[in-house]
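# Analysis of the macromolecular model
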Amino acid sequence: MSLSRVTLRAHLVAELLPLWERHGLDRGRGGYWSRLDADLRPIPDGHKRLLVHTRQIFSFTRGAELGAGAWARAAAAHGLEFLLERFWDARHGGWFTATDDAGAPLDRRKDLYGHAFAIFALAHHHRAFGDAESLRLARATFALVLERLRDPVCGGFLEGASEDWRPITGPRRQNPHMHLVEALLVLAEVAPDSGALREARALVELLGARWVDARTGALGEHFDSSWRPLAGDEGRVVEPGHHFEWVWLLDRFAALEPNDATRALAARLFEFGRRYGVDADGGVFDQLDGSGGTLASTKRLWPQTERVKALAVRSRATGDADLRRELDAGLRFCFARHVDPKTRGWHEQLARDGRVLSDAQNATSVYHVVTALDEAAQTLAE
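Let me sum up the structure you'll find in this document. (Residues numbered from 1 in each chain as written. Predicted model: local features only at pLDDT ≥ 70, side-chain atom pairs only at ≥ 80, totals over all residues. Heavy atoms only, no water.)

Right, let's get into the overall build of the protein chain. In terms of regular secondary structure, the protein chain is built from 13 helices and 14 strands. Taken over C-alpha atoms, the radius of gyration comes to 20 Å for the protein chain, in line with the 21 Å a tight globule of 382 residues would show. Overall, the C-alpha framework of the protein chain stretches about 50 × 50 × 40 Å when taken along its three principal axes. Taken over 382 residues, the protein chain has a buried fraction of 58%. Sequence-distant contacts in the protein chain: of pairs separated by 6 or more residues, those separated by 24 or more amount to 62%. For the protein chain, the exposed area adds up to about 14900 Å²; of that, 48% sits on carbon and sulfur atoms. Taken together, the 50 basic and 53 acidic charged side chains of the protein chain have centroids lying 1 Å from each other. (Helix = DSSP H or I, 4+ residues; strand = E, 2+ residues; numbered from the N terminus. Rg over C-alpha atoms; globule rule 2.2 N^0.38 Å. Buried < 20%, exposed > 50% of the residue type's maximum accessible area, 1.4 Å probe, protein only. Contact = heavy atoms within 4.5 Å. Areas by Shrake-Rupley, 256 points an atom, 1.4 Å probe, with all protein chains shown as cover. Lys, Arg positive; Asp, Glu negative; His and termini not counted. Charge placed at Lys NZ, Arg CZ, Asp CG, Glu CD.)

The next point concerns the sheet that holds strand E7 (residues 167-168). Reading across from one edge, E5-E6-E7 is the order of the three strands in this open sheet, with antiparallel pairing throughout. Where the open sheet ends on each side, the last strands, each with one partner, are strand E5 (110-111) and E7. Relative to strand E6 (residues 160-161), E5 runs antiparallel, the two being bridged by two bridges. When the sheet's bridge partners are listed, lysine 110 is paired in E6 with alanine 161. (Pairing = 2+ DSSP bridges.)

Scanning the entire structure with this criterion turns up 15 aromatic pairs. Ring geometry for phenylalanine 58 against tyrosine 367: centres 6.0 Å apart, planes inclined by 75 degrees, an arrangement best described as edge-to-face. Taken together, the residues span a long stretch of sequence, with phenylalanine 58 in helix H2 (residues 50-65) and tyrosine 367 in helix H13 (residues 364-377) at a distance of 309 residues. We note that phenylalanine 58, like tyrosine 367, is buried. (Phe/Tyr/Trp six-rings, centres within 6.5 Å; stacked < 30°, edge-to-face > 60°.)

Another point: the sheet that holds strand E2 (residues 48-49). In space, the three strands of this open sheet follow the order E2-E3-E4, with antiparallel pairing throughout. Lying at the two open borders of the sheet, with one neighbouring strand each, are E2 and strand E4 (105-107). Pairing of E2 with strand E3 (residues 98-99), which is carried by two bridges, proceeds in the antiparallel orientation. Looking at the pairing, arginine 49 lines up with alanine 98 of E3.

Next up on the list: unusual backbone geometry. Non-glycine residue tryptophan 165 carries a positive phi angle of around 70 degrees. Locating tryptophan 165 in the fold gives a position in the loop between E6 and E7. With a relative accessible area of 4%, tryptophan 165 lands in the buried category. Here the phi dihedral of arginine 344 falls at roughly 70 degrees; this positive angle occurs in a residue that is not glycine. On the secondary structure map, arginine 344 appears in the loop between helix H12 (321-338) and strand E13 (349-350).

Before going further, it helps to spend a moment on the pattern of salt bridges. Scanning the model with the defined rule gives 42 salt bridges in all. For the salt bridge of arginine 41 with aspartate 37, the shortest nitrogen-to-oxygen distance reads 2.9 Å. Its salt-bridge partner being arginine 274, residue glutamate 326 comes within 2.3 Å of it at the nearest N-O pair. Residue glutamate 326 is located in helix H12, and its partner arginine 274 is located in helix H10 (residues 260-276); the two are separated by 52 residues in the primary sequence. Classification of arginine 274 by relative accessible area gives partly exposed; the value is 35%. Among the charged side chains, a network of salt bridges with common partners joins Arg9, Arg62, Glu65, Arg127, Glu189 and Asp374. (Salt bridge = Lys/Arg side-chain N within 4 Å of Asp/Glu carboxyl O.)

Next up on the list: helix H6 (residues 175-190). For H6, which comprises 16 residues, the first-to-last C-alpha distance of 24 Å matches the rise-based estimate of 22 Å (1.5 Å per residue) to within 8%. H6 sits mainly inside the fold: 15 of its 16 residues count as buried. (Expected span 1.5 Å × (residues − 1).)

Such coordinate-based values are descriptive only and should not be taken to indicate function.
Below, the structure is given as structure tokens:
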């Protein structure tokens, strides 16, 4: 496959998104299926997830923007209808974490990660189609996160809350905050008066102050309630895919608020991920420790796509020919190893030797592929 702007976008709008439109919509009860088997049959899990619906609404929305056609907009609307009718808590506000397959609330907790993606999907939907209700709900979700989940003492936000917004305390992660920054940058674009950019700035400052090791550049994942790294195995985990994902986000943030500190932070994260997180075959490991040692040599789909995004923005920003060659190699690794030649869907995880570890395709991963190939297409020639 010759990789160019045209071929990357063609894979999205003519192969991957049509696959999920044909096989990933529950046309009987509404919403989206979470997984497909090797023959593209839905795998009923007994539940439907907020995360799946928000990510797939985004993916079909972006596909429509890239020229997929009316079917992509209709697929986004299909999921949005289920989201609004089944996941929104009309009594307490906010979004349930999961419903059963028919759409009855199953997990009524309010999860920061899921609320970040609700803001993200709704803001994108408004940007693409001018839908006023999507923007209203994106603003309302942001307001609830600020009111109910903010930690005024240690910074950032709590992991989540009960159905009636009683805080869930305990260990915390940087990952939901990363995706909240991603969502807030889109909300700031469509609603500059929302205060979203101010909150994104505070989280970027927290990234540099608490989550990234000032000595090594390693990004921690799991923390206690005061943002101290957890003791034990969880506290050792470093995910190079998140290094690359933050590099991409910091590039987007710096476009709105250019400053040397943001650029330096992105460079440190990129250097660590590039030095320790990439195997000799060009694939990104799932997990490292803080010194760069390999904890998990498997290779999930999403760290590969996040490296593609980071390489795309870094190569554009620097004009570095070596980074451009790495981008080309990263894309070829994805299409050679992760794309199934039969279905043109993406394998979720590989062993280090390249063996496919699961035949299932995950709906949540479509978002990763869409954002990565969309970003790379802006770097490649026609």
